[in-house]
Amino acid sequence: MTEYFGIIAMFGIALAIGIPLGKYIAKVYSGEKNFMDFISPIEKLIFRLCGINPDKEMDWKQHMVALLTINMIWFLYAMFMLMTQKYHFWNPDNNPSMSPELAFNTSISFMTNTNWQNYSGEGSASYLTQIAVLTFLQFVSAATGMAALVVIFNAFRDKVTDKLGNFYNYFVKSITRILLPISFFIAIIFLFNGMPQTFKGKDTIKTLHGDIVKVSRGPVASMVAIKHLGTNGGGFFGANSAHPFENPNYLTNMTEMIAQWIIPIAMVFAFGYYIKRKKLSRIIFGVMTLGFLLLVIPTIYYEMQRSPIITKMGINQLSGNMEGKEVRFGTIASAFWSIVTTVISTGSVNSMHDSFTPIGGMMQLLAMMVNAFYGGCGVGMLNYFIFLIITVFIAGLMVGRTPEFLGRKIEAKEMKIAVMVTLLASVVVKGGTAIAVFLYNSNPVSHAVWLTNPSYHGFSEMLYAFTSEFANNGSSFAGLNGNTRFWNFAGGLAMILGRYLPIIGPIAIAGSLAGKKVIPESAGTLRTDTLTFGIVTFAVIFITTALLFFPALCLGPLAEHFSLN
Amino acid sequence: MKRNRKKISLFDRRFMKEGFIQSFIKLNPKIMLKNPVMFTVEAGTLVMLIVSVITILNKNSGQGSFAYNFAITLILFITVLFANFAEALAEARGKAQAESLRKARHETPANLLLNNGKIKIVNSSELKKGDIFIVSAGEYIPTDGEIIEGLASIDESAITGESAPVIREAGGDKSGVTGGTKVLSDKIKVVVTIQQGESFLDKMIALVEGANRQKTPNEIALTILLAGFTMLFIIVCVTLEPFANYSKTPITVAALISLFVCLIPTTIGGLLSAIGIAGMDRALRANVITKSGKAVETAGDVDVLLLDKTGTITIGNRKATNFFPVNGTDGSYFINACAWSSFSDDTPEGKSIIELAKTKTNINSSHVAGAKFIKFSAETRSSGVDIPDGTRIRKGAFEAIRKIVENAGNEFSEEVSFKVLEITENGGTPLVVAENGKVLGIIELQDIIKPGITERFDRLRKMGVKTVMVTGDNKLTAKYIAYKAGVDDFIAEAKPEDKLNYIRSEQTKGKLVSMMGDGTNDAPALAQADVGVAMNSGTQAAKEAGNMVDLDNDPTKLIEIVEIGKQLLITRGTLTTFSIANDVAKYFAIVPALFINSIPALQALNIMHLASPQSAILSAVIFNAIIIPLLIPLALKGVKYRPIGASALLRRNLLIYGFGGIAAPFIGIKLIDMLIGLF
């Protein structure tokens, strides 16, 4: 019972922080007075140093040029740093430089907010790159997603315009006023709970057996804070938040869980405050929560069942399927976390998703396939926006008017973009998996190194990899060995496509809608802030996702599930 | 209104035959390419045909028996035919409707007026734009034109179905004549205003015929969505092949193509163009000629309707409703005076005064024997009678009579001014009657609001359409009638440019405006309006400016047009929803069937308990095929529009077509599977 209370408390606290945070975020972006105004001299200094005029408004294309340019620069910077880290200071464990392949994959992974890791931090990264590359990218990639979403906010103010605010302004303020202060606060909580924050190298301890064991440590707390707050998910250690230094106890577990949830929730409410349509926000939040519950409840249910295979071994399974889960968190909190981290594109893990029951694994997959129930920092709402446009179109026709969203007509151009973004998800995830499977089929012996579990589960592992990378989630079914040429490059490509096209698409739509006449509401207008419309949106999300992935899921998790019993 | 329009049954034999032939002609891939969804089905049929042949040649191809493969091929082929048939049927019906109009304009001789003043008899098809011809009583008008000289009564029943003749004359707003109509009296000189083959009717016929049909904006957007779904399912099916290989589950081509065809939205894909054509056809049936399909679609989006008061909201003319004697005039004498002054007044108002007077008292007609009747003139703005005994009676507008009274050196009493104001405030029009420069009393004229119009406005309000009354009346009268009829706004003392300005100001607020007009004065406003409906009796300029022409000249037609537009969109939306919702059940039929042989555990997903994988696949494709003809009636008739507010409408349609769309195929596929089991 306490376990259930724990997860309800996490949800409650996340909501209790998320809603006021949303109000605050709306204030930050609209430039209203807020209590962080004392930081504006620093922001002004940054703008002056960079030669940016934060009041100069951009159209959507200029926004995208700005976004892509700075992302490109970070990518080159990260590649350079990772490939040369052997020579840097702050490398007490003398970790080697990354290979170009691995550096490519890692740079893209952190730049795109994915944090897919084909390496383990303790052996493959220096403290300098952990801080100046990985933690740095965790801040800026989160801020990029948030700034991109503000472009959409601006498109639906009550005026016709192509001026949608200044990208750099939103980007810098996302960091100085939202991400940095909250991260700082979270890191303090972690420090008090024993999370390391040091530049010293490996420590040596003598175990009870009398063995000498070297234990990795480093500047962990600072990274783990933004890792969750910015929905990044890339761990300091290979074992991620299952590692005792990265997630020492139930309290830090709660903190990390809540930290990754608050900004996605806040952005939904910020939208409502910003464009003064709070009811719309509540409906969107309701749809997302409904989706989340429908994923998390079966997961917890099936994880609480006993695995028939382990039962046959004569092992007691009173607390459910504990394989791959940490005793200090328990089955329920781990199952709950696994869905939170997959609906939101964090991808940090406190248990091994590979070891979940087939249905649990399928729910994680579905969460990432939708990727719009809360979703990542800023980008979750962007993904939701695409579903919204398709729903508005179908529902709008059904009430006998040219479909319109917040008074703007949805026409061929917007449909084209929305369809292309949806299509792309399918091409990358299913196409990528198909190529991997095809390669594996054509020569199972030479590709045997990829999979630790062949059979249905091996298929799920490959499907999971592409799904997670395209969703910019970064969690993995750990059975897949990703540090091979194919997975490094294919994964890198999937992450890039999965990051930028779902940003550019919705913003292009918003840019086009912003320039359209605003049609005043009448009795004949389809309102998007009603319960009915919320249900239709949910149905559209559910049916499109199910239609796209049902056959694949049949061959993976479902085949495994039905074969188990 | 009497219309001699015949109701054509949905599956009339003539159309069935025409549709049947056309559905084969439309198999031409070039034509099919216009419809990406059905094109892929045709391609799939071809692949299946090849596979079927292979199964004859090679018994061990692993693709199943020839009979099974051929059955699938046949069903896919029929699916394409059904879709073609739907389109062809809609076209045939539209064409028949247009033909019946076109029949009216068979070749007729025309009296062409040559430059030298002589008349040459030519064929109507030889007339060019700008030519002038003459038509006399008993002759047919050879082509569309505008009267430049004369006045005639014309029988337009061939086009409108309205049997009462109408008056058309040069100069006014009723100068347009249509080819095929018959002149009943008098003689008119008409200038040809259209090029042969470019009349509205010609354009309309082209719109319902496939060849020139342009897709409308909403239809394009929907086609993109459907093409997107089709591509998504191509990816689903193509990637399924390696996935299945990994699980050592060979999938037959038949199964893969069946899965694909069942998943892509063939239902809406097959019916989409039929829905569009049927929408135009419905407009045509309402005797409205549209210049583009887009106009019909836009009509569904209209936010503001501009309606002329006279003829739309009120029955044509004002009627006398009351006599108010003032200054102590004897009531009976006053009524007599009113009647005398109206004896020569041919206007409907004048007639109504006499009518009302007769019901109130005995009129002493002999009193005005030998009197001189003064007709109404724009200068004096009054009419009346000069009786031989020297009495001069005048009736007219308040201002006009005041002038007469004041010129006579008399005072205009408070009582009169007060009464005039009172009548005006109640929406009436006061006519003041004076005798020898002294006011006798006031006649009250009232507009009669059309029965049932208030309910129609109520219906429009629920649709979210704002109604605006346009009238030349003063503000007080306009306000009163607007209130009584239940319109949302009004433009009083309207000049032609007021309409234009009002439309512009609404449009800058983002609203779509529709109006109806007939005069040349209306042309700029008709052009400015998003949906401008010109009356067929109107001037050529008005007809050119609008994007629809109403053959019935019925001002309330706008309301019907809005509903036709909405119905068109709703039909598309609901059938799309239905089509996509169908996929859920089809998945549960086909996907287990694909894998059961190698992964028996997936039998658990066969929730319909279909007999065998092959019968499951067959049932799904058969259901997928027959649902198209089953929905043809709905596509052609259109889903009924109900003005119950957007949210309620969405709920309703969602329940029927969304949930119905999920449930129907579960039942249908199971039934077909049971039927197949009988063989």
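Residues numbered from 1 in each chain as written. Chains lettered and ligands numbered in written order. Predicted model: local features only at pLDDT ≥ 70, side-chain atom pairs only at ≥ 80, totals over all residues. Heavy atoms only, no water.

> Explain the overall build of chain B here, please?
In terms of regular secondary structure, chain B is built from 22 helices and 22 strands. The C-alpha radius of gyration computed for chain B amounts to 34 Å, which surpasses the reference 26 Å derived for 679 residues by more than 25%, pointing to a less compact arrangement than a globule. Considered along the principal axes of its C-alpha atoms, chain B spans approximately 120 × 60 × 45 Å. Counting every position in chain B, which comprises 679 residues, the buried fraction comes to 57%. A separation of at least 24 residues holds for 69% of the contacts in chain B among residues at least 6 apart in sequence. Carbon and sulfur atoms make up 58% of the accessible area of chain B, which totals about 27800 Å². (Helix = DSSP H or I, 4+ residues; strand = E, 2+ residues; numbered from the N terminus. Rg over C-alpha atoms; globule rule 2.2 N^0.38 Å. Buried < 20%, exposed > 50% of the residue type's maximum accessible area, 1.4 Å probe, protein only. Contact = heavy atoms within 4.5 Å. Areas by Shrake-Rupley, 256 points an atom, 1.4 Å probe, with all protein chains shown as cover.)

> Would you mind showing me how to read the sheet that holds strand β11 (residues 304–308) of chain B here?
Hydrogen bonds between backbone groups are what pair the strands of a sheet, and the pairing can be parallel or antiparallel. All names here are of chain B. Spatially, seven strands are ordered β10-β22-β21-β20-β11-β18-β19 in an open sheet, and the strand pairing comes out mixed. Single-partner strands in this sheet number two, and they are β10 (288–290) and β19 (489–491). Ignoring which end each strand starts from, the neighbouring axes of this sheet average 20° apart. Pairing analysis gives three bridges linking β11 to strand β20 (residues 513–517), with the strands arranged parallel. Residue pairing for β20: L305 is matched across the bridge by S514. Here helix α20 (residues 557–595) sits on the sheet and contacts β10, β11, β20, β21 (531–535) and β22 (548–550); the angle it forms with β11, its principal contact strand, is near 160°. (Pairing = 2+ DSSP bridges. Axes fitted to C-alpha atoms, helices over the stretch in contact; angles between N-to-C directions.)

> How should I be thinking about the sheet that holds strand β15 (residues 392–396) of chain B in this particular structure?
Residue and element names in this part refer to chain B. Across the sheet, which stays open at both edges, the six strands sit in the order β12-β17-β16-β15-β14-β13 with antiparallel pairing between neighbours. Each of the sheet's edge strands pairs with one partner strand only, and the pair in question is β12 (319–325) and β13 (372–374). Each neighbouring strand pair of the sheet contributes to a mean axis angle of 20°, computed without reference to strand direction. Sheet topology places strand β14 (residues 382–386) next to β15; five bridges connect them, and they run antiparallel. Along β15, the bridge assignment pairs G384 with R394. Taken strand by strand, helix α12 (residues 348–360) contacts β12, β15, β16 (428–435) and β17 (438–446), and its axis lies near 60° from that of β12.

> In this structure, what is going on with the interface of chain A and chain B? I would like to understand it.
By a widely used convention, the size of an interface equals the accessible area lost when the partners come together. Facing 62 residues of chain A, the contacting portion of chain B comprises 63 residues. With both chains or domains summed, chain A and chain B bury close to 5100 Å², and 76% of this area falls on carbon and sulfur atoms. When the area that chain A buries against chain B is broken down by residue, the three leading residues are M398, L547 and L555 of chain A, summing to 15%. Among the salt bridges present, the one from K409 of chain A reaches D301 of chain B, with a minimum N-O distance of 4.0 Å. Counting every contact that joins chain A to chain B gives eleven residue pairs in polar contact (both at pLDDT 80 or more). Elements represented by at least two residues in the side of chain A that touches chain B include exactly α14 (379–398), α15 (412–442), α16 (455–470) and α18 (531–564) of chain A. (Buried area = accessible area lost by both parts, 1.4 Å probe. Salt bridge = Lys/Arg side-chain N within 4 Å of Asp/Glu carboxyl O. Polar contact = N/O pair within 3.5 Å; in protein donor to acceptor, adjacent residues only side chain to side chain.)

> Looking at this structure, how should I read a nonpolar patch on the surface?
Residues and elements named next belong to chain B. A surface patch of nonpolar side chains, amounting to about 810 Å² of accessible area, comprises L46, L49, V53, I56, L57, F66, F70, L74 and I78. The dominant element in the nonpolar patch, judged by the number of residues it contributes, is helix α3 (residues 36–57), at five residues. Locating L49 in the fold gives a position in helix α3. Judged by relative accessible area, L49 falls into the partly exposed class, the value being 40%. (Patch = residues over 30% accessible without salt bridge, like charges linked within 9 Å, V, L, I, M, F, W, Y side chains within 5 Å.)

> Would you mind going over the side chain of T467 of chain A with me for this structure?
Residue and element names in this part refer to chain A. Here T467 lies in helix α16. Here the side chain of T467 touches L463 through a polar contact of 2.6 Å, landing on its backbone oxygen. The residues touching T467, leaving out its near neighbours within four places in the chain, are L365, M368, M369 and V429.

> So what exactly am I meant to see when it comes to the side chain of T135 of chain A here?
All names here are of chain A. Position of T135 relative to the elements: it lies in helix α6 (residues 127–155). Overall, the relative accessible area of 8% leaves T135 in the buried class. Residues in contact with T135, not counting those within four places in the same chain, are Q130, S222, M223 and I226.

> So what exactly am I meant to see when it comes to the packing of helix α11 (residues 331–342) of chain B against α12 of chain B here?
The description of two helices packed together rests on the angle between their axes and the distance between the axes. Residues and elements named next belong to chain B. Where α11 meets α12, the axes come as close as 9 Å, and the angle between the chain directions of the two elements is 145°. As for the relative orientation of α11 and α12, their crossing is left-handed in sense. Contacts between α11 and α12 pair I335, C338, A339 and S342 from the former with G350, I353, I354, A357 and K360 from the latter. Class assignment of the residues belonging to the contact of α11 with α12 gives a composition of six nonpolar, two polar and one charged. (Left-handed = near helix turned anticlockwise from the far one by under 90°. Nonpolar A, V, L, I, M, F, W, Y, C, P; charged D, E, K, R; others polar.)

> Where do I start with α12 of chain B in this structure?
Because an α-helix completes one turn every 3.6 residues, residues spaced three or four positions apart along the sequence face the same direction. Residues and elements named next belong to chain B. Between its terminal C-alpha atoms α12 stretches 19 Å, which fits the 18 Å expected from 13 residues at 1.5 Å a residue. Turning to α12, its buried residues number three or more, namely G350, S352, I353, I354, L356 and A357. On its buried face, α12 is in contact with β12, α11, β15, β16 and β17. (Expected span 1.5 Å × (residues − 1).)

> Just to check I follow, could you spell out the pattern of salt bridges for this structure?
Pairing between side chains becomes possible if they bear opposite charge and their charged atoms approach one another. On inspection of all chains with the given rule, the structure shows 36 salt bridges over all chains. In this structure, E399 of chain B engages R402 of chain B in a salt bridge whose closest nitrogen and oxygen atoms are separated by 3.7 Å. Separated by three residues within a single helix, E399 of chain B and R402 of chain B lie in helix α13 (residues 398–407), roughly one turn from each other. Taking relative accessible area as the criterion, E399 of chain B reaches 41% and is therefore assigned partly exposed. Shared partners join several salt bridges into a network, and the residues in it are R277, E521, R527 and D529 of chain A.

> Sorry, what's going on with the packing of helix α21 (residues 613–637) of chain B against helix α22 (residues 646–678) of chain B here?
Residues and elements named next belong to chain B. Taken N-terminus to C-terminus, the directions of α21 and α22 make an angle of 125°; their axes are 9 Å apart at the nearest point. In this view, α21 runs oblique relative to α22, as classed from their interaxial angle. The element α21 and its partner α22 pack so that their crossing is right-handed. Of the residues in α22, those in contact with S615, A616, L618, S619, A620, I622, F623, I626 and L634 of α21 are Y657, A664, P665, G668, I669, I672, D673 and I676. When the residues that make up the contact of α21 with α22 are grouped by side-chain class, the tally is 13 nonpolar, three polar and one charged. (Parallel < 35°, antiparallel > 145°, perpendicular 65-115°, else oblique.)

> Can you help me understand α14 of chain A in this one?
Residues and elements named next belong to chain A. Here α14 is 20 residues long and its end C-alpha atoms lie 29 Å apart, about the 28 Å a rise of 1.5 Å per residue gives. The buried count for α14 comes to 20 of 20 residues, which makes it a mostly enclosed element. Positive backbone phi, approximately 80°, marks G400, located one or two places after α14.

> Help me understand the environment of I503 of chain A, please; the structure alone is not making it clear to me.
Residue and element names in this part refer to chain A. Its place among the elements puts I503 in helix α17 (residues 485–514). With 123 residues separating them in the primary sequence, I503 and G380 have C-alpha atoms 9.9 Å apart. Apart from residues lying up to four places away in sequence, I503 is in contact with M64, L67, A148, V379 and L382.

> I would appreciate a short explanation of the nonpolar core in the present structure.
The nonpolar side chains of soluble globular proteins are, as a tendency, buried together. Of all hydrophobic cores here, the largest spans 324 residues; its most connected members are Y29, F156, F171, L179 and M415 of chain A together with F595 of chain B. Discounting chain neighbours no more than four positions away, the residues touching F156 of chain A are F271, I275, F385, F405, L406, R408 and L513 of chain A. Listed in part, the 22 residues of the second largest apolar core include F334, C338, I353 and L431 of chain B. (Core = buried A, V, L, I, M, F, W, Y, C linked by side-chain atoms within 4.5 Å.)

> Explain the packing of aromatic side chains to me, please; I cannot follow it from the model alone.
According to the stated counting rule, one finds 48 aromatic pairs over all chains in the structure shown. Considering the side-chain rings of F466 of chain A and F486 of chain A, the 6.5 Å spacing of their centres and the 70° angle between planes classify their relative orientation as edge-to-face. Here F486 of chain A lies in helix α17 and F466 of chain A lies in helix α16, a separation of 20 residues in the sequence. For F486 of chain A, a relative accessible area of 21% translates into the label partly exposed. Clustering of aromatic rings is evident, with ring pairs tying together F11, W261, F269, F285, F292, F336 and Y374 of chain A. The ring of F356 of chain A has K325 of chain A sitting right over it, with the charged end atom 4.0 Å from the ring centre. For the cation-ring pair, K419 of chain B lies above F324 of chain B, with the distance from its terminal atom to the ring centre recorded as 4.0 Å. (Phe/Tyr/Trp six-rings, centres within 6.5 Å; stacked < 30°, edge-to-face > 60°. Lys NZ or Arg CZ within 6 Å of the ring centre and 35° of its normal.)

> Explanation requested: the pairing of strand β5 (residues 151–155) of chain B in the structure shown.
Remark: a regular strand shows side chains that alternate across the two faces of the sheet. All names here are of chain B. Along β5, four of the five residues are buried, which leaves the element largely enclosed by surrounding structure. By the bridge criterion, four bridges tie β5 to strand β6 (residues 166–169) in an arrangement that is antiparallel. Within β6, the position partnered with L151 by the bridge is E169. In terms of strand pairing, β5 meets strand β8 (residues 182–185) through three bridges, oriented antiparallel.

> For this particular structure, what's the right way to read a positive patch on the surface?
All names here are of chain A. On the surface, K23, K27, K278, K279 and R282 cluster together into a positively charged patch. For the positive patch, the elements supplying multiple residues, two or more each, are α1 (2–30) and α10 (278–304). No other element matches α10, which puts three residues into the positive patch. Within the element layout of this structure, K23 appears in helix α1. (Lys, Arg positive; Asp, Glu negative; His and termini not counted. Charge placed at Lys NZ, Arg CZ, Asp CG, Glu CD.)

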